[in-house]
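# Survey of secondary and tertiary structure
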Amino acid sequence: MILQEEPRTHLNYKDEISRLKREMNAVILAHYYQENSIQDIADYIGDSLELARRAKETNAEVIVFCGVHFMAETAKILNPDKLVLIPDLAAGCSLADSCPSDAFKAFRSANPEYLAVTYINCTAEVKAASDIICTSSNAEKIIKQIPLDKPILFSPDRNLGKYLMKTTGREMKVWDGACLVHEAFSEKRLVDLKLSHPSAKIIAHPECEENVLSYSDYIGSTSKLLQFVISDSAAEFIVVTEPGIIHQMEKAVPNKNFIPAPPNDNSCNCSECPYMKLNTIEKLYLCMAAQSPKIELSTELLNKALLPLEKMLAMS
Ligand code: 13P
Ligand code: SF4
């Protein structure tokens, strides 16, 4: 039995995971907010859109998804016949939690003439009740393709919704949800940090609140933030998103300096996503060895949720 074996070192996990990957014909997909050891062993690291695309394109028989539940669910919706594993089934998302499907359906019923454009950070049930899914990297492009006379419901992130209204010039009715990590960044501490690092550029994820975004030199999805620090001439960046992304930034441009932005809570300097960090290298190994936990959805839900995801992929 796996659980009775001697504790394993990271090196052992790495070897064991590689062996299981070969034996199972599996691909490991990881989001940038995963712990460094998981990022280092993944076949692909990406933002929500890139990971969805990788999941759709893979020839592997098994997808091991190191990210949060809605991301693994997306991989399953795109691959209904494949086994999709997640190291910790409890790795949820506060944004997805802020939009229960019954309340979302009532929101839609109260606004029957509206088109529902929904951020991918939501459950499969909410996806199934939406018209088009988007991510932070394609939302602007998708909204710009919607005819001007068609009113839009945008759910569930109010900060991303507000930001998109500004960048697209489009009025939208926005669901009142938010991410607990991105809404916790402190404007005051960000300004103090900028004063002590005047040449640093501020880069932020659009899930942050408007006051924090107003200081940003660049706003984008995790992948776009990574591309920006590679191509921009600045040598120092204040990073206003989950600090897991800094691992890839330091790998890509080791001569540059990355400073994680602090949250409001003065007792803590960490803005880690508690859900993303539920996945560990040990749980990754255990889920591959046991082929569990896995994502399970009814065929009806898989079919319904696929339509708005396919629209997203076609429009982005
Ligand atoms: P990205 O798609 O930009 O990686 O964002 C995912 C996410 O959950 C941000 O909090
Ligand atoms: Fe969800 Fe926020 Fe964590 Fe992203 S950082 S997975 S939006 S809780």
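The shown structure was predicted, so the numbers you read here are calculated from the model rather than taken from an experiment.

## What to know about the site of ligand 2
By nearness alone, 14 residues border ligand 2, and Cys93, Asn121, Cys179, Glu207 and Cys273 come closest of all. Here ligand 2 occupies the largest cavity. Taken together, the residues that form the shell around ligand 2 break down as 10 nonpolar, three polar and one charged.

## Side note on the packing of helix α4 (residues 69-78) against helix α15 (residues 299-315)
As a packed pair, α4 and α15 sit with axes 9 Å apart at the nearest point and diverge in direction by 95°. By the angle between their axes, α4 is roughly perpendicular relative to α15. Between α4 and α15, the contacting residues are Thr74, Lys76, Ile77 and Leu78 on the first element and Leu302, Ala305, Leu306, Leu309 and Leu313 on the second. Counted by class, the contact of α4 with α15 contains seven nonpolar, one polar and one charged residues.

## A closer look at the site of ligand 1
Residues in close proximity to ligand 1 include His31, Tyr33, Asp47, Ser48, Asn121, Ser136, His182, His205, Glu207, Ser221 and Thr222, which together make up its full environment. Within the contact set of ligand 1, an oxygen atom lies 3.2 Å away from a side-chain nitrogen or oxygen of Asn121. Side-chain polar atom of Glu207 to an oxygen atom of ligand 1: 2.9 Å apart, as the coordinates give it. Expressed as a share of its isolated accessible area of 300 Å², the protein-covered part of ligand 1 is 96%. Among the residues making up the shell around ligand 1, the classes are represented as one nonpolar, eight polar and two charged.

## Section: the packing of aromatic side chains
According to the stated counting rule, one finds six aromatic pairs in the structure shown. Seen in terms of ring centroids, Phe237 and Phe258 are 5.8 Å apart; in terms of plane orientation they differ by 15°. Their pairing is stacked. Here Phe258 lies in strand β12 (residues 257-260) and Phe237 lies in strand β11 (residues 236-240), a separation of 21 residues in the sequence. An aromatic cluster of three or more residues is present, and its members are Tyr218, Phe228, Phe237 and Phe258.

## Remarks on unusual backbone geometry
Of note, the bond from Ser155 into Pro156 is cis; its omega dihedral lies within 30 degrees of zero at -10°. Among the secondary structure elements, Pro156 is positioned in the loop between β7 (152-155) and α9 (158-168). Backbone torsion omega between Ser292 and Pro293 reads 0°, so that peptide bond is classified as cis. Note that Pro293 resides in the loop between α14 (281-290) and α15. The phi torsion at Gln291 lies on the positive side, around 50°, for a residue other than glycine. Within the secondary structure layout, Gln291 lies in the loop between α14 and α15. Overall, Gln291 belongs to the partly exposed group, its relative accessible area being 37%.

## Some thoughts on the layout of surface pockets
If you add up the space inside the largest pocket, you get close to 160 Å³. If you go around the largest pocket, you meet 14 residues; those closest to its centre are Ser136, Ser137, Glu140, Tyr163 and Lys224. Elements with a contribution of two residues or more to the lining of the largest pocket: α8 (139-144) and α9. Residue classes in the lining of the largest pocket are distributed as six nonpolar, five polar and three charged.

## Regarding the pairing of strand β9 (residues 201-204)
Pairing geometry for β9 and β11, over four bridges, is parallel. In the strand pairing of β11, Ile203 is matched with Val239. Examined bridge by bridge, β9 and strand β10 (residues 218-219) share two bridges and lie parallel to one another. Its bridge partner being in β10, Ala204 is matched across the sheet by Ile219.

## Considering empty space enclosed by the protein
Taken as a whole, this structure holds two cavities of 30 Å³ or more when the rule is applied. Looking at the largest cavity, its volume works out to about 240 Å³. What lines the largest cavity is a set of 29 residues, and nearest its centre among them are Tyr33, Met71, Asn121, Glu207 and Met276. Counting residues per element, the ones that place at least two in the lining of the largest cavity are α3 (48-57), α4 and α5 (94-97). Residues belonging to the lining of the largest cavity are distributed by class as follows: 14 nonpolar, 12 polar and three charged. Here the second largest cavity is characterised by a volume of approximately 60 Å³. In this structure, the second largest cavity is lined by Ser48, Leu51, Ala52, Ala55, Phe65, Phe70, Met71, Thr74, Ala75 and Ile120. Secondary-structure elements contributing two or more residues to the lining of the second largest cavity are α3 and α4. Tallied by class, residues from the lining of the second largest cavity come to eight nonpolar, two polar and no charged.

Conventions adopted
Residues numbered from 1 in each chain as written. Chains lettered and ligands numbered in written order. Predicted model: local features only at pLDDT ≥ 70, side-chain atom pairs only at ≥ 80, totals over all residues. Heavy atoms only, no water. Near = heavy atom within 4 Å. 1 Å grid on protein atoms, 1.4 Å probe; cavity = no way out; pocket = protein on both sides within 12 Å on 5 of 7 lines; lining within 4 Å. Sits in = over half its atoms within 2 Å of the grid points. Nonpolar A, V, L, I, M, F, W, Y, C, P; charged D, E, K, R; others polar. Axes fitted to C-alpha atoms, helices over the stretch in contact; angles between N-to-C directions. Helix = DSSP H or I, 4+ residues; strand = E, 2+ residues; numbered from the N terminus. Parallel < 35°, antiparallel > 145°, perpendicular 65-115°, else oblique. Contact = heavy atoms within 4.5 Å. Polar contact = N/O pair within 3.5 Å; in protein donor to acceptor, adjacent residues only side chain to side chain. Areas by Shrake-Rupley, 256 points an atom, 1.4 Å probe, with all protein chains shown as cover. Phe/Tyr/Trp six-rings, centres within 6.5 Å; stacked < 30°, edge-to-face > 60°. Buried < 20%, exposed > 50% of the residue type's maximum accessible area, 1.4 Å probe, protein only. Points joined across faces, edges and corners; volume = space filled by probe spheres on them. Pairing = 2+ DSSP bridges.

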